[in-house]
Amino acid sequence: MNVRSEKVRSEKAGEPRDRALVVLSGGQDSTTCLYWAIDRFGRDRVSSVTFDYGQRHRLELECATKVAAAAGVSNVRLPIDTFATLGGNALTDDTATATGVGDVDADTRLPNTFVPGRNLVFLTFAAALAWQRNIGHLVTGVAQTDYSGYPDCRAETVAALQQAIRLGMESDLAIHTPLMHLSKKQTVELAVALGALDVMALTHSCYNGKRPPCGTCPACELRARGFAEAGVDDPLLAVT
Ligand code: ZN
């Protein structure tokens, strides 16, 4: 433990550890998780972190800022520029989009929107921030049902990472994944139950970075199917 970290922890010693840090991308799922955390921990005990990893669609970052403001929680934006330097995926560069955003690579059998290591790195940096602030809970919107084929969204990946963080940071940090086993329909129903429907107008899911959304990319189709199956109008579609 370095001197600065000791100081930060001691300064925060009076605050309860039973607080949550939400990884907020500005999308539907992380926004639902933000409201889940507020419901569970209380608004005053929730904060959020957003990663600027060089995503092509900068709109995402604006959406995260707006969602956090609408929810009444603080938001920290942290830069991670290594993924954009690595390239090779449709979210940080154009090279993988020739065949269509979200298409599955024949060799890896993963969609070209897969950013290798992204969630592992995000959660590790989020854990570092939580450690500094003496926050005991991380919340992330990853889900393995209806998922797009991302291996870092699986429950066993998150469980293994939680264990690694606990060991590596000498911590009892808990990583919560409220959406892990929910379908998109159930995620929409959860958002409605948590009072998060209106704020969905501020969120962003489209892989093509369109607002209003393109409606045809895999992310738009998944989102639309969830709302349709839940019988709920997506407020984002009313945005002009
Ligand atoms: Zn789209």
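Provided above is the structure to which this section pertains.
Residues numbered from 1 in each chain as written. Predicted model: local features only at pLDDT ≥ 70, side-chain atom pairs only at ≥ 80, totals over all residues. Heavy atoms only, no water.

### Focus on helix H5 (residues 118–133)
The test is simple: Put simply, DSSP H or I for four residues or longer makes a helix, DSSP E for two residues or longer makes a strand, and each gets a number counted from the N terminus. To estimate the expected span of a helix, count its residues, drop one, and scale the result by 1.5 Å. Three labels apply to residues, based on accessible area from a 1.4 Å probe with only protein chains included: buried if under 20% of the type maximum, exposed if over 50%, partly exposed otherwise in between.
The terminal C-alpha atoms of H5, which comprises 16 residues, lie 22 Å apart, in line with the 22 Å expected from a rise of 1.5 Å per residue. Of the residues making up H5, those classed as buried are Arg-118, Asn-119, Phe-122, Leu-123, Ala-126, Ala-127, Leu-129, Ala-130 and Trp-131. Phi turns positive, to about 55°, at Asn-134, one or two residues after H5.

### Side note on the pairing of strand E1 (residues 20–23)
In plain terms, the rule: At least two bridges found by DSSP between two strands are what make those strands a pair. Assignment of crossover handedness uses the view with strands pointing away from the viewer, where a clockwise path from the first strand over the helix to the second indicates a right-handed crossover.
Of the two faces of E1, both are covered, the one formed by Ala-20 and Val-22 as well as the one formed by Leu-21 and Val-23. Relative to strand E2 (residues 46–52), E1 runs parallel, the two sharing 4 bridges. The partner of Ala-20 across the bridge, within E2, is Val-46. In this region the chain leaves E1, passes through helix H2 (residues 28–41) and returns to the parallel neighbour E2; the handedness of that crossover is right-handed.

### With respect to the coordination of the zinc ion
Test applied: Donor selection uses N, O and S atoms within 2.8 Å of the metal (3.2 Å for Na, K and Ca). Since no water is included, sites may look incomplete. Labels for metal geometry use angle windows, namely 85 to 135 degrees for all angles of a four-donor tetrahedral site, and for square planar (four donors) or octahedral (six donors) sites opposite donors over 155 degrees apart plus all others within 65 to 115; sites meeting none of these are irregular.
For the zinc ion, every protein donor is listed as Cys-206 (SG), Cys-214 (SG), Cys-217 (SG) and Cys-220 (SG), and the spread of their distances is 2.3 to 2.4 Å. Bound by 4 donor atoms, the zinc ion shows angles of 103 to 119° at the metal and therefore tetrahedral coordination geometry. All donor residues of the zinc ion come from one chain, and their arrangement in sequence is C-x7-C-x2-C-x2-C. Of this pair, Cys-206 sits in the loop between helix H7 (184–193) and helix H8 (218–230) while Cys-220 sits in helix H8, and the two are 14 residues apart along the sequence. Accessibility classification places Cys-206 together with Cys-220 in one group, the buried group.

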